[in-house]
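What the coordinates show
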Amino acid sequence: MEPPLKRRDKILLIAEEEFARVGYDGLSMNDLVKKLQINKATIYYHFEDKKSLYQEVTKNAITHIN
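Residues numbered from 1 in each chain as written. Predicted model: local features only at pLDDT ≥ 70, side-chain atom pairs only at ≥ 80, totals over all residues. Heavy atoms only, no water.

**A closer look at the overall build of the protein**
Secondary structure summary: the protein contains 4 helices and 0 strands in total. Along the protein, helices (α) and strands (β) appear in the sequence α-α-α-α when read from the amino end. In terms of overall dimensions, the protein is globule-like: its C-alpha atoms have a radius of gyration of 11 Å, near the 11 Å expected for 66 residues. Counting across all 66 residues of the protein, residues that qualify as buried make up 32%. The contacts in the protein between residues at least 6 apart in sequence include a share of 56% that link residues at least 24 apart. (Helix = DSSP H or I, 4+ residues; strand = E, 2+ residues; numbered from the N terminus. Rg over C-alpha atoms; globule rule 2.2 N^0.38 Å. Buried < 20%, exposed > 50% of the residue type's maximum accessible area, 1.4 Å probe, protein only. Contact = heavy atoms within 4.5 Å.)

**Quick look at unusual backbone geometry**
In this model, Gln37 sits at a positive phi of 60°, which is unusual for a non-glycine residue. Looking at the secondary structure, you find Gln37 in the loop between helix H2 (29–36) and helix H3 (40–46).

**Focus on the nonpolar core**
Soluble, globular proteins show a tendency: their nonpolar side chains are buried together. Within the largest apolar cluster, 14 residues are counted, with the highest numbers of intra-cluster contacts made by Leu32, Ile43 and Leu53. Secondary structure elements with two or more residues in this core: helix H1 (4–26), H2 and helix H4 (50–65). The biggest single contributor to this core is H1, with 5 residues. (Core = buried A, V, L, I, M, F, W, Y, C linked by side-chain atoms within 4.5 Å.)

**Quick look at the pattern of salt bridges**
Taken as a whole and assessed by the stated rule, the structure comprises 4 salt bridges. Between Glu18 and Lys35 there is a salt bridge whose closest N-O contact spans 3.7 Å. With Glu18 in helix H1 and Lys35 in helix H2, this pair connects stretches of sequence that are 17 residues apart. (Salt bridge = Lys/Arg side-chain N within 4 Å of Asp/Glu carboxyl O.)

**Quick word on the side chain of Thr42**
Note that Thr42 resides in helix H3. You can call Thr42 buried: its relative accessible area is 16%. If we ignore the near neighbours within four places in the chain, the residues touching Thr42 are Arg7 and Ile11.

Right, here's the structure in full:
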């Protein structure tokens, strides 16, 4: 079993790729779950909802630019 931090980082990485590919409205949490091959509860353990996941992805992208 992956440590929680690594799992969280993987979620962020794949979410970033998928948001870039299909946009916020185009990505469903069900699609993300399939892509990550995890259950939905794992995502919601780390992020309150899709909006908070998107905000974290955006924050990380901005931080890496600066």
